[in-house]
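A structural walkthrough
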Amino acid sequence: MSRILYSGTRNASSWAFRAWLALREAQVDFEERIVDIRVPQRYDNLARIRAFSPPGAVPVLVEGDHVVYDSLAIMEYANDLSGGALLPRDLAARATARSLVSWQHAGLSGLCARLSFESAFYPDRRAMTENEQAETERIAAAWEGALQRNGGPWLCAELSLADLAFVPTVVRLLAHAPDLSAYPLSVEWASRLLRRPAVDEWMRHARGLPPVYLDDYRRD
Ligand SMILES: N[C@@H](CCC(=O)N[C@@H](CS)C(=O)NCC(=O)O)C(=O)O
């Protein structure tokens, strides 16, 4: 059966990036259709998606008349399709992985909205504010704790949805050069994550696109 992932402009759709990455890491076969989510064509393109997917957003995965929408549901489905390869078997460890994924999915306490994925590709990025640096350290402390407890090399020992969910976060935070010297395991983990072939493939494409400027990228 054909499986189509409607994905988004690669330097603008961090949600699509997560879903795509989970499918790739789960070694699921799928065809990708990139939907241009830049204005002004964004509105017409997403209206077309709304004809078969209630949120009218990307990513959305379509298998015949079966539609899976929202990046989190697609990531979980990728894990199911792989026979559970992307979540730990142990119940407690699986709950920990899901906690990390859920925290990310809920926007990391607002940080993701202020430092957009798009901004990681701007040639003229602003410095992080003190607040953003403090929030980044809070997230890095969570990564560091997980890596220390589980012994690495991934947040829950084996590669899981928890690592994949954070890839766009790692991209947007590192692009703003936070001081992560107190979190050496996280720095190594982040660079390990960015070296994964699928991550590299998406990022190469994203870097080659013209930047997508958002009005609310504040210059404090
Ligand atoms: N919670 C959704 C968010 C998806 C989302 O906001 N996608 C953006 C592109 S990155 C979009 O299509 N937005 C259209 C809209 O909300 O009008 C998910 O995780 O898939």
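The rules behind the values
Residues numbered from 1 in each chain as written. Predicted model: local features only at pLDDT ≥ 70, side-chain atom pairs only at ≥ 80, totals over all residues. Heavy atoms only, no water. Domains from an automatic or database assignment. Contact = heavy atoms within 4.5 Å. Buried area = accessible area lost by both parts, 1.4 Å probe. Salt bridge = Lys/Arg side-chain N within 4 Å of Asp/Glu carboxyl O. Polar contact = N/O pair within 3.5 Å; in protein donor to acceptor, adjacent residues only side chain to side chain. Helix = DSSP H or I, 4+ residues; strand = E, 2+ residues; numbered from the N terminus. Near = heavy atom within 4 Å. Areas by Shrake-Rupley, 256 points an atom, 1.4 Å probe, with all protein chains shown as cover. 1 Å grid on protein atoms, 1.4 Å probe; cavity = no way out; pocket = protein on both sides within 12 Å on 5 of 7 lines; lining within 4 Å. Sits in = over half its atoms within 2 Å of the grid points. Nonpolar A, V, L, I, M, F, W, Y, C, P; charged D, E, K, R; others polar. Points joined across faces, edges and corners; volume = space filled by probe spheres on them. Axes fitted to C-alpha atoms, helices over the stretch in contact; angles between N-to-C directions. Parallel < 35°, antiparallel > 145°, perpendicular 65-115°, else oblique. Left-handed = near helix turned anticlockwise from the far one by under 90°.

1. Description of the domain arrangement of the protein chain
When its domains are assigned, the protein chain resolves into domain 1 (4–81) and domain 2 (91–207). Here the C-alpha centre of domain 2 lies 21 Å away from the C-alpha centre of domain 1. Every contact between the two is made by 24 residues of domain 1 and, on the other side, 23 residues of domain 2. Buried area between domain 1 and domain 2, summed over both chains or domains, comes out near 2,200 Å², and the portion from carbon and sulfur atoms is 67%. Considering only the surface of domain 1 that becomes buried against domain 2, R10, F17 and R18 emerge as the three largest contributors, covering 32% of it. Here domain 1 is connected to domain 2 by 3 salt bridges. R24 is the partner of E201 in a salt bridge, and the nearest nitrogen-oxygen pair spans 2.9 Å. Summed over the shared surface of domain 1 and domain 2, the result is 8 residue pairs in polar contact (both at pLDDT 80 or more). Every element with two or more residues in the side of domain 1 that touches domain 2 is listed here: β1 (4–8), α1 (14–25), β2 (31–35) and α3 (71–81).

2. Examining the site of the ligand
Taken together, the residues surrounding the ligand are S13, W15, I37, R42, L46, G56, A57, V58, P59, D70, S71 and H105. A distance of 3.3 Å separates a nitrogen atom of the ligand from a polar atom in the side chain of R42. Measuring from a nitrogen atom of the ligand, one finds a backbone N or O atom of V58 at 2.8 Å. Relative to its unbound accessible surface of 500 Å², the ligand loses 71% to contact with the protein. Comparing atom positions with the cavity grids shows the ligand to sit within the largest pocket. Of the residues in the shell around the ligand, the class split is 6 nonpolar, 4 polar and 2 charged.

3. Quick notes on empty space enclosed by the protein
Applying the stated criterion across every chain, the model contains 1 cavity of 30 Å³ or more. One number sums up the size of the largest cavity: a volume of about 40 Å³. In terms of lining, the largest cavity is formed by A113, R114, S116, Y122, L214, D216 and Y217. By residue class, the composition of the lining of the largest cavity is 4 nonpolar, 1 polar and 2 charged.

4. As for the packing of α1 against α3
Contact geometry of α1 with α3 gives a least axis separation of 8 Å together with a crossing angle of 5°. Here α1 lies roughly parallel to α3, going by the angle between them. Where α1 approaches α3, its residues W15, R18, A19, A22 and L23 are matched on the opposing element by S71, I74, M75 and A78. A class-by-class count of the residues in the contact of α1 with α3 yields 7 nonpolar, 1 polar and 1 charged.

5. Some words on the layout of surface pockets
Any empty space left between the atoms is revealed when a probe the size of a water molecule rolls over them. Estimates place the volume of the largest pocket at around 700 Å³. Taken together, 30 residues form the lining of the largest pocket, with A12, W15, I37, R42 and E118 sitting closest to its centre. Taken together, the elements giving at least two residues each to the lining of the largest pocket come down to α1, α2 (41–50), α4 (91–105) and α5 (111–114). At 3 residues, α1 tops the list of elements feeding residues into the lining of the largest pocket. Residues from two domains meet in the lining of the largest pocket; each of domain 1 (4–81) and domain 2 (91–207) gives at least three. Volume-wise, the second largest pocket comes out at about 150 Å³.

6. Focus: the packing of helix α8 (residues 167–174) against helix α9 (residues 184–194)
Closest axis-to-axis distance for the α8/α9 pair is 10 Å, and the angle between their directions is 115°. Here α8 is positioned roughly perpendicular relative to α9, judged by the angle of their axes. As for how α8 packs across α9, the hand of that crossing is left-handed. Residue-level contacts link V167, V170, V171 and L174 of α8 to W189, A190, L193 and L194 of α9.

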